[in-house]
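# Examination of the molecular architecture
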Amino acid sequence: MANIALNDSEAVVIIGSGAGGGTLAHELTRHGIKVVLLEAGKRQSTQTFSQVPGEAFRQLTWLDARTQSGDWGVKRDFPDLPVWHCKTVGGTTVHWTAATPRLQPWELQAKTIYGAIPGSSLIDWPLSYDELETYYQLAERRMGVTRRNGIPGLPASNNFKVMYAAATKAGYKQVHTGHLAINSRAFDGRGFCIQQGFCVQGCKMGAKWSTLYTEIPRAEATGNLELRTESTAVRVEHNDAGRVNGIVYRDPQGREQRQKARIVCVAGNAIETTRLLLLSESSKFPNGLGNSSGQVGRNYCHHITGLVWGIFDKPVYSWRGATIAGVVEDEARNDPSRGFVGGYRLELITLDLPTFPLVGLRYGWGRDFASIIEDYRNLSGMFINGEDLPRPDNRITLNSVVKDAFGLPAANVHVDEHANDVALRKHAQGQITKIYQGIDAKRIVPGPVPPATHNLCTARMSARLEDGVTNRWGQSHEIKNLFISDGSALTTAGCANPTLTIVALALRQAEFIAGELKAGHI
Amino acid sequence: MWETPTVADTYRIIRLCKDGARMNRRKLLKASAGVLTGVVVSGSPLALWAKGRAWTMDLAALSTADAATLMAMVRTILPHDKLDDLAYAQVVKAVDQQAHGDSRFAALIEGGLRQLGSDFGKNGESQRVEILKKIESSEFFQAMRQKSVQILYATPFAYSYFGYEGEAFSKGGYLFRGFSDLHWLPEVPEENSGPLPAKS
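Residues numbered from 1 in each chain as written. Chains lettered and ligands numbered in written order. Predicted model: local features only at pLDDT ≥ 70, side-chain atom pairs only at ≥ 80, totals over all residues. Heavy atoms only, no water.

## Notes on the pairing of strand β13 (residues 379-386) of chain A
Residues and elements named next belong to chain A.
- Of all eight residues making up β13, eight are buried, and the element is well covered by its neighbours.
- Residue alternation in β13 divides its side chains into two sets, L379, G381, F383 and N385 and S380, M382, I384 and G386, and both sets are buried.
- Relative to β13, strand β10 (residues 304-311) is paired through eight bridges, and the arrangement is antiparallel. From the neighbouring strand, L307 faces β13, where its bridge partner is F383.
- Where strand β12 (residues 344-349) lies against β13, six bridges are found, and the strand directions are antiparallel. Counted as the bridge partner of Y344 is G386 from β13. (Buried < 20%, exposed > 50% of the residue type's maximum accessible area, 1.4 Å probe, protein only. Helix = DSSP H or I, 4+ residues; strand = E, 2+ residues; numbered from the N terminus. Pairing = 2+ DSSP bridges.)

Here's what the structure looks like:
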C-alpha cells in the first residue's frame, strides 16, 4: 500500500470504495496513478462477516440518521430506514445480491421512446448503447457474470423451481437462474457458490463479487493505493479558479484532516454523494459544488420495487440457496398497452427468518400476521425491479434540523410516486399473483415496498448542463477535475439492477481520466 | 431495525432451562426485581431434551406481575400456540434489559402496563386483542410490537419451531444439503438452470 502525503496535490482522491469507487481505484492504480481511497466504514473480511442476521445488519449498514418525506410506502413502513446500503470497505457490494443484468439499448433513450410524460423529467442518455456495450463486456469478464462468456448459470434452487414452474405455466419464456456476479464454478481465485442463502450478510465464500476482496486488494498490490478506512469526507474544497483541490475528512479519531487532490471522484452512494456536494457550498458555488443547474440531488430514482410471497401446501425451504438466483425477464420491455411505460423484472427472493417479518411483510400483528410466518417453510418469493420515472422534486436535500455525529445536516430523501410508478407496481403484483395462483398457491401475500437499495440519478449524465450534473464521462459540467463515479451518474434507472452498469461506467471513466491526465487536460 | 439476543444470552437461557428446577430461586430473587418462570411443554421443539423442565429467568427492572402481563401481550401480538414460552420470555427479557438501563423507555413501559391493568393476562385472547387494538397507535404498543417482531424470530427456539436452518457456511452451505430437494414440481431444464459445481 502506498503512503500518500496529505499535501500531495497530485493525488486522485476517491470517496467511497463500493462498485464505482472500488473499481475506479483499481483501474487508476493499474495505470500507475496514485490514489487515496476514503471509506467511511471499517474493513471486514470473509472471516469477520457475522452470520447472525441482526449483527450482520449492524456490521455492514449505513445507519447514520436520515429523514424522509413524500408519499412512497417506505415512509410508512420503514420510517427510520429510507434506504438500505452499506458503510464498510467494499460498500454495498458487500451485501448486494449480485444480480447483473444489462440495461437494454432502448432504455438509454427513455425520453425518445417514452415521449414527454407530464410530471417527469426524463432525458436520453448522452452516450449510446454501443459505447456502453464494450464496457459491459469488460465488466462481465471482470466480475465473472454467469450466462456470459461461457460461464454457466447457477443451479436451480427449490425457490427457483417454484418460480420456473409457475412462470412458465403462466406463459413466460425468459425464466432462468439469472445473470449473477456469483461464481457458478471457481473463478478468478475465488471459490464457487455453496448456496448459503446469506448473500446479504456478506458472502463468507467470497463466491460473490465484491470490491472488498477483488478490486481493492489488487489496487493495493499495485503500490499506488492508500486506503483510509473510517474516514468520512465532509467537504470538497476548491481554489479561486473553481477547480477542486482537496478534501476535508474526519479520520478514525474524529479529527479533521485535509487531503490535497488533483482530481476528486465522488462515489459515496447517491444519498451521500449528494450530501457531500451540497455540504461543499461556498461563495463561488452557493448551491453546492457543481450545482449551478440546481440539479444536484434531483431526479432521484430508486426503482419501483415490491415483494410478493406465494404460500404453498408443501415445503419450499426458500432460504436454502443464493438469495436472488432466478429471474423472469419477459416484462423487461416497453409496452404502453400495459398502462405504463418502462419495464420490470421479477427476481427470485428469499429472506432469513429474523429478517422476513421485518422487511418482507407489511405492518401487522395478531393471528393473521402470525399465520403467514407459521408457513415460513412453505413460501416462495418474488421481488419486483421496475423502472421509475425521474421527477425533479424526488430529491435528496439537507435536513436543517437532524444532524449527524459531526453536527452536519443529515440527508432527507423525498419521493412522491408518479402515476406511472404506481401502475407499473400494480401490474407486476398482479402478474406475480396470477403466476403463483397458476400452480395452486394457497395464499398470496403482498409485502411492503422495502427500503431503497438502488440509489440513482441524482448527479445524472446529461448532454446539456441544465438537465443534469455531469457529462457523458460522469465529469462535472462545471468543474473539470470533479467526477461522479457511482449510481448517481446514471441518466435514468431502466429496469436493470444497477451495479453492472455502475462498474461498466467506472471502467469507462477510468480510461477517460487516465487519458486526460496523460494529455495534461486535467 | 434489528435487535437480537446475544449468543451469551442464548446459552444462559438454555442453561437456565436445563438447570431451572435446581436453581436457587432465593438467590436469584435477591439480585433482581422479579422473575419469569415456566415449564417446557410437550409439542415444543425444546421438549425433545427439556420436556417438563422448569425454567427461571431473573429480571432487573420488571416485577413478576408486570413480566407476566408483558408475556401475555407478546403472545397476543405474535400468537404461535406451540412455540414455547421460553421464546416469548426472550422478548420480555429484552424489554427488561432496556428498561433497566434507559429510564425513558422504563417510563414508557410502566405507563403502558398501567394502561393495560394487572388483569390483562387473565382475559381471553379475543378480549386481549380488543384491548390492544384500542392502544395500537400508542408509543408503548408500537415499541412492544417492534421488540416482539425483532426478538422472537431471532431466537434459536423460533429457528427450531419454524424449521429454519440458519447460517450454513459452517456446514458447507446448502449445496449438498437440500438446496434443490423439492420434488413436487417438475425439474428445471439444464439451459434455464446450471450444472452442480464439482465437489472437489
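Back to the text.
## Brief notes about helix α7 (residues 125-134) of chain B
Residues and elements named next belong to chain B.
- Regarding α7, the residues found buried are R128, V129 and L132. In an axial view of α7, the angular spread of the buried residues amounts to 100 degrees, which keeps them on one side of the axis. What points out from α7, more than 90 degrees from its buried face, is the exposed set S126 and K134.
- Each element contacted by the buried residues of α7 is listed here: α4 (64-77), α6 (103-116) and α8 (139-152). (Arc of directions from axis to C-beta. Contact = heavy atoms within 4.5 Å.)

## Structural notes on the sheet that holds β10(A)
Residue and element names in this part refer to chain A.
- Read from one edge of the open sheet, six strands run β4-β11-β12-β13-β10-β16, paired in antiparallel fashion. Looking at the sheet topology across the chains shown, the edges are occupied by β4 (175-176) and β16 (443-446).
- Relative to the sheet, helix α10 (residues 366-374) contacts β10, β13 and β16, its axis offset from that of β16 by approximately 110 degrees.
- The strands touched by helix α11 (residues 419-437) are β10, β12, β13 and β16; relative to β13, the strand with the most contacts, the crossing angle is about 155 degrees. (Axes fitted to C-alpha atoms, helices over the stretch in contact; angles between N-to-C directions.)

## Regarding the interface of chain B and chain A
- Of the residues lining the interface, 59 residues belong to chain B; the matching set on chain A comes to 61 residues.
- Each partner contributes to the roughly 5,200 Å² buried at the junction of chain B and chain A, and carbon and sulfur atoms together form 64% of this total.
- At the boundary of chain B with chain A, the tally comes to five salt bridges.
- Its salt-bridge partner being A:R367, residue B:E125 comes within 2.8 Å of it at the nearest N-O pair.
- Linking chain B to chain A there are 33 residue pairs in polar contact (both at pLDDT 80 or more).
- At the level of elements, α4, α7, α8 and α9 (156-162) of chain B are the ones that each hand at least two residues to the side of chain B that touches chain A.
- Split by residue class, the side of chain B that touches chain A holds 31 nonpolar, 16 polar and twelve charged. (Buried area = accessible area lost by both parts, 1.4 Å probe. Salt bridge = Lys/Arg side-chain N within 4 Å of Asp/Glu carboxyl O. Polar contact = N/O pair within 3.5 Å; in protein donor to acceptor, adjacent residues only side chain to side chain. Nonpolar A, V, L, I, M, F, W, Y, C, P; charged D, E, K, R; others polar.)

## A word on the environment of A:T491
Residues and elements named next belong to chain A.
- Mapped onto the fold, T491 is located in the loop between β17 (482-484) and α12 (499-518).
- Taking relative accessible area as the criterion, T491 reaches 0% and is therefore assigned buried.
- Once the C-alpha coordinates of T491 and S50 are considered, the two residues, 441 residues apart in sequence, prove to be 36 Å apart.
- Residue contacts for T491: discarding those within four places in its chain leaves I123, D124, W125, P126, C457, R460 and M461.
- Of the polar contacts made by the side chain of T491, one reaches the backbone oxygen of M461; its length is 2.8 Å.

## Section: the nonpolar core
- In terms of nonpolar packing, the biggest core is built from 95 residues, with A:V12, A:I14, A:I15, A:L28, A:M143, A:I247 and A:V264 touching the most fellow members.
- Top element by residues in this core is α12(A). It accounts for eleven residues.
- For A:I247, the residues in contact, after removing those within four places along its chain, are A:V13, A:I15, A:L38, A:A233, A:R235, A:V236, A:Q257, A:R258, A:Q259 and A:V264.
- Counting 76 residues, the second-largest nonpolar core is a separate cluster that includes A:L353, A:L358, A:V445 and B:I109. (Core = buried A, V, L, I, M, F, W, Y, C linked by side-chain atoms within 4.5 Å.)

## Structural notes on the side chain of A:D486
Residues and elements named next belong to chain A.
- Relative to the elements of secondary structure, D486 occurs in the loop between β17 and α12.
- Of the side chains with opposite charge, R66 lies nearest to the buried D486, which makes no salt bridge, at 10 Å.
- In terms of polar contacts, D486 uses its side chain to reach the backbone amide nitrogen of G268, at 3.1 Å.
- For D486, the side chain forms a polar contact with the side chain of T273, separated by 2.6 Å.
- Setting aside its immediate chain neighbours within four residues, D486 contacts V266, A267, G268, N269, A270, T273 and I502. (Lys, Arg positive; Asp, Glu negative; His and termini not counted.)

## Quick word on the packing of helix α5 (residues 85-101) of chain B against α6(B)
All names here are of chain B.
- Running from amino to carboxyl end, α5 crosses α6 at an angle of 125 degrees, the nearest separation of the two axes being 5 Å. When the axis of α5 is compared with that of α6, the two are oblique. The chirality of how α5 crosses α6 is left-handed. Side by side, α5 and α6 meet where V95, Q98, A99 and G101 of the first sit next to S103, F105, A106 and I109 of the second. (Parallel < 35°, antiparallel > 145°, perpendicular 65-115°, else oblique. Left-handed = near helix turned anticlockwise from the far one by under 90°.)

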